Amino acid sequence: MPTAASPRGKTANLLFADQASFDTLAGGDYTRTPFYSESLAEAAPFEADPLLGQPRANNRDQTAPAPGLASLSGDVVVPLDVNHIPHWLTMLLGAPVSDGAGPYTHVFASGKEVLPYRTIEIEKRAGAAFFQSLGCLAASLSFDWTRAGGFRQATVSIMGRNQEKTAASVGGAPAAVLPRVPLSAAQGLLRINGVQAAHVLGGSFTYANNPDEDQSLNGTPYASGFLLDQDATASGSMRLRYVDETYFDLMTAGDPVAMELEFAGSATSKVVFALPAVRFERGAFAPISGPGGLQAELNWRAEQGVAAAMLTVTVTNDVETYA
């Protein structure tokens, strides 16, 4: 008897399209983009229902539950790819301002009050089972920028409405997937106040939209959408070798500095995260734990300025526009 094919990650595909409204599956031709992993799922936990006076076999075992609140959430780990990361930045920050004649620049800025809802379709069983996550909103994007092997990755945390399963794709006729232009995880550059920072070993970065579910009643088990009433935040950490007191002085001064994280394959193929006002939190600096060299870890948080958004991401590539 021959072996049987079973579902595996290698055959999975991810398609997406923006929705006209929170509870309406996106139509038209979707866009295909690569990914490393996903954990999108609709959760519907049970709630205890200690109703009295019902028939029962004994007086100790729990009885049938009541339904809990349904919700959808999960992470998608994606390549920090020059051509493909704009798909996720559009979801996180809204549409970019695109310019140029090849190469092109796509500038994303934080602070928008209207962000898209998206349908994300995952083909889990090749040609047979397609899971559509509806009403998806990008809650946050995070990545590590320590020097490492492989290609750099980012995690997009998503909140949504519900998940449906179909036996065929609803993605129409997607255009050919954009060429892959990955960025090496061994490369990265940090600038502070426009000057390349020395002795920096890496760190972490998180931008969060901090959405809340709209709990308005709507005749369904699901939320009515998401509210962006809370401030968006950008924060992270930075690890460095202790050579002198430059970073200690920045930390103790408490004044905002401009910070840029650049990941580049070339001058015409790069992603730059610019934070015009970053403050380092005061804390232990280069603690001593033995006879070896010393390292320091600084936590930071960003803020908007009078004339500048808290975060601007500029992508330079050969793609003319992103819808």
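This text follows the structure it describes.
I will try to describe carefully the structure that is included in this document.

Thresholds applied
- Counting restarts for each chain: residues are numbered from 1 in the order of the written sequence.
- Selection of residues for local features in this predicted model requires a pLDDT of at least 70, selection of side-chain atom pairs for listing and counting requires 80 or more, and totals for whole chains, interfaces and linings are taken over all residues.
- Remark: hydrogens and water are excluded; side-chain values derive from all non-hydrogen atoms of the structure.
- Pairing of aromatic rings covers Phe, Tyr and Trp, the last through its six-membered ring, and needs centres within 6.5 Å; plane angles under 30 degrees mean stacked, over 60 mean edge-to-face, and all others mean tilted.
- By the criteria applied, helices consist of DSSP H or I runs no shorter than four residues and strands consist of E runs no shorter than two, each listed in order from the N terminus.
- Partly exposed residues are those whose accessible area sits between 20% and 50% of the maximum for their type, while under 20% is buried and over 50% is exposed, using a 1.4 Å probe and protein chains only.
- When the NZ atom of lysine or the CZ atom of arginine is within 6 Å of a ring's centre and also within 35 degrees of its normal, the charge is said to sit over that ring.
- It only takes one pair of heavy atoms within 4.5 Å for two residues to be counted as in contact.
- Take the buried residues of types Ala, Val, Leu, Ile, Met, Phe, Trp, Tyr and Cys, join any two whose side-chain atoms come within 4.5 Å, and each joined set is a nonpolar core.
- DSSP calls a pair of strands paired once it identifies at least 2 bridges connecting them.
- Whenever Lys or Arg places a side-chain nitrogen within 4 Å of a carboxyl oxygen from Asp or Glu, that contact is recorded as a salt bridge.

**Considering the packing of aromatic side chains**
The tally for this structure, following the rule as stated, stands at twelve aromatic pairs. A centroid spacing of 5.4 Å and a plane angle of 70° characterise the contact between Phe248 and Phe285, whose relative ring orientation is edge-to-face. Of this pair, Phe248 sits in helix α2 (residues 246-253) while Phe285 sits in the loop between β21 (269-280) and β22 (295-302), and the two are 37 residues apart along the sequence. Among the residues examined, Phe248 registers a relative accessible area of 29% and is labelled partly exposed. Pairwise contacts between aromatic rings join Phe143, Phe205, Phe263, Phe273 and Trp300 into one cluster. The lysine or arginine in question, Lys124, covers the ring of Phe131, its NZ or CZ lying 5.1 Å from the ring centre.

**A closer look at the environment of Ala185**
In this fold, Ala185 is placed in the loop between β13 (162-166) and β14 (189-192). Each C-alpha atom of the pair Ala185 and Gln153 lies 7.9 Å from the other, and the pair is 32 residues apart in sequence. The residues touching Ala185, leaving out its near neighbours within four places in the chain, are Thr146, Arg147, Ala148, Gly149, Gly150, Phe151 and Arg152.

**Concerning the nonpolar core**
Counting 55 residues, the largest nonpolar core has Trp88, Ile120, Phe143 and Phe205 as its most contacted members. With six residues, the single largest contributor to this core is helix α1 (residues 85-93). Non-local contacts of Phe143, meaning those with residues more than four positions away in its chain, are made with Leu80, Gln153, Ala154, Gly203, Ser204, Phe205, Leu261, Phe263 and Phe273. Counting five residues, the second largest nonpolar core, distinct from the first, contains Phe22, Leu115, Tyr117 and Phe226.

**Remarks on the pairing of strand β20 (residues 257-266)**
Relative to β20, β14 runs antiparallel, the two sharing four bridges. Note on β20: the bridge partner recorded for Leu190 is Leu261. Relative to β21, β20 runs antiparallel, the two being bridged by eight bridges. Paired with Glu262 across the strands is Val272, a residue of β21. Counting the residues between successive antiparallel strands, the hairpin from β20 to β21 contains two residues.

**A few points about the pattern of salt bridges**
Counting across every chain of the model gives five salt bridges. For Arg118, the salt bridge identified is with Asp18, shortest N-O distance 3.1 Å. Taken together, the residues Arg118 in strand β10 (residues 118-125) and Asp18 in strand β1 (residues 13-18) connect sequence positions 100 residues apart. Classification of Asp18 by relative accessible area gives partly exposed; the value is 37%. Taking the shortest distance from any N to any O, the salt bridge between Arg191 and Glu260 comes out at 3.1 Å. Of this pair, Arg191 sits in strand β14 while Glu260 is found in strand β20, placing the two residues 69 residues apart along the sequence. What makes Glu260 partly exposed here is its relative accessible area of 30%. What emerges from the salt-bridge pattern is a single network uniting Arg191, Glu260 and Glu262.

**What about unusual backbone geometry?**
Following Gly102, the chain continues into Pro103 via a peptide bond in cis, with omega recorded as 5°. Within the secondary structure layout, Pro103 lies in the loop between β8 (97-100) and β9 (104-109). In the Ramachandran plot, His199 falls in the positive-phi region, its phi being about 65° despite a non-glycine side chain. With respect to the secondary-structure elements, His199 resides in the loop between β15 (195-196) and β16 (200-208). Overall, the relative accessible area of 35% leaves His199 in the partly exposed class. Although it is not a glycine, Asn210 adopts a positive phi angle of roughly 55°. Counting through the fold element by element, Asn210 comes out in the loop between β16 and β17 (212-213).

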